Amino acid sequence: MKVFYSDHFVLPLPEGHRFPMSKYSMLRERVAQDGICGPGELRTPRAVTDEEILSSHDPHYLGRVESGRLTDKEMRRIGFPWSDRMVERSRRASGGTLGACLAALEEGFAANLAGGTHHAFSDRGEGYCVFNDSAIAARAVQAAGLADRVVVIDTDVHQGNGTAEILRGDPTVFTFSIHGEKNFPFHKEESDLDAPLPDGTGDAGFLTALERGLEVSLEAADADLAIYLAGADPFEGDRLGRLAVTKEGLAERDRIVLESCRDRGIPVAVTMAGGYALNVEDTVDVHFQSIRHAADLVTREVPDEGRMQST
Ligand SMILES: [Zn+2]
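Each value, and the rule that gives it
Note on numbering: residues in each chain are counted from 1, in written sequence order. Thresholds applied to this predicted model are a pLDDT of at least 70 for local features of residues and 80 or more for the giving and counting of side-chain atom pairs; totals over whole chains, interfaces and linings are not thresholded and use all residues. Side-chain descriptors were evaluated using all non-hydrogen atoms of the structure, hydrogens and water having been removed beforehand. Where helices and strands are cited, they refer to DSSP runs of H or I of at least four residues and of E of at least two residues respectively, numbered from the N terminus. Within these notes, the globule rule equals 2.2 Å times the number of residues to the 0.38 power, and the radius of gyration is based on C-alpha atoms. Burial here depends on accessible area, computed with a 1.4 Å probe over protein chains only, as a share of the maximum for the residue type. Under 20% is buried, over 50% is exposed, and the range in between is partly exposed. A side-chain nitrogen of Lys or Arg and a carboxyl oxygen of Asp or Glu constitute a salt bridge if their distance falls within 4 Å. The term polar contact refers here to a pair of N or O atoms within 3.5 Å; inside protein, the definition further demands a hydrogen-donor-capable atom paired with an acceptor-capable atom, and it admits residues adjacent in sequence only when both atoms are side-chain atoms. The contact rule is simple, with two residues in contact once any of their heavy atoms fall within 4.5 Å. Note that the arc is defined by the directions from the helix axis to the C-beta atoms.

## Considerations on the overall build of the chain
For the chain, the helix and strand inventory stands at eleven helices and eight strands. Its C-alpha atoms give the chain a radius of gyration of 18 Å, within 12% of the compact-globule value 19 Å for 311 residues. Along the first, second and third principal axes, the C-alpha atoms of the chain reach 50 × 40 × 40 Å. Within the span of the chain, comprising 311 residues, buried residues form 57% of the whole.

Encoded structure:
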């Protein structure tokens, strides 16, 4: 399966910063060791262009991000200090989601080992999100004439507020968010479908709400492509999650999302979104099982010669 990574575009953070930067390189190493990718399939994405970003973001916002002219307040809201490398990393992370969408359209499934930056609004960033990779990638594949309709399936524990805002009123992209109702962001936007869950929701409650929401979303979306935010933060051991979903429950989540799409013939680009477990290995385990499951479906569904040799 084609997998895109951008963890070598390291963004400088002050010591003790709580963003789990190490999860990205750990995840890439795990993917590389596991043999998920054939030769040349573990790739660095290109940076998204200004034009691609402007499909989803305000030109003044892009200009101020690019030149480092965001106010201190705006940077605090994003949660990273500004640097050229922050801008480059954000462009590459969106490029990874776009790359995964293009690969998924050809092969059924692909993944970006970053992205899921769903708190980026058209004119501002927040919660470690600068550019909204889902909106940018959806609109880029539409502009290229490769998909008419896209569904964003956001299972990160935090609501996809930026995605909802950017894509509100766009009938060609359906947004579904399942999230903790009491969790950040405290002011929720309106997705096409929201499934808010109470604190402490476990596997049964999470999976029941997911199945119900997914059914409605896939029916309404009539999509040619899905972007799946496989956040690791609904996990019971997450510091920011407030839910209690087990690793097994999250594996079942992956199965339900990936196989529901496969059964309807919808290609899926898997993105990572959040994950803040006390133990970073747990976050990596949860992300890895999402990628592993997607890769298993590629192998079975598209058994072309090259891939058979590589697995
Ligand atoms: Zn999150």
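## A closer look at the pattern of salt bridges
The tally for this structure, following the rule as stated, stands at 24 salt bridges. For R139, the salt bridge goes to D170, with nearest N and O atoms at 2.8 Å. Taken together, the residues span a long stretch of sequence, with R139 in helix α6 (residues 133-143) and D170 in the loop between α7 (161-167) and β5 (173-180) at a distance of 31 residues. Here D170 falls in the buried class, since its relative accessible area comes to 13%. Ionic pairing is found between E215 and R264, a salt bridge with its closest N-O pair at 3.6 Å.

## Topic: the side chain of E189
Tracing the sequence through the fold places E189 in the loop between β5 and β6 (193-197). A residue is classified by how much of its surface remains accessible, and E189, at 15% relative accessible area, is buried. At 2.4 Å, the side chain of E189 forms a polar contact with the side chain of R168. Contact partners of E189, with chain neighbours within four places excluded, come to F121, Q159, N161, A164, E165, R168 and D194.

## A word on helix α3 (residues 59-67)
Those residues of α3 not exposed but buried are Y61, L62 and V65. For α3, the arc enclosing every buried residue in end-on projection is 95 degrees, short of the 170-degree limit, so these residues lie on one face. Exposed and facing more than 90 degrees away from the buried side of α3 are P59 and H60. Buried residues belonging to α3 abut α2 (50-54), α4 (72-78) and α5 (84-107). Two or three places before H60, at the start of α3, stands the capping residue D58, its side-chain oxygen 2.8 Å from that residue's backbone nitrogen. One or two positions beyond α3, positive phi appears at G68, with a value near 70 degrees.

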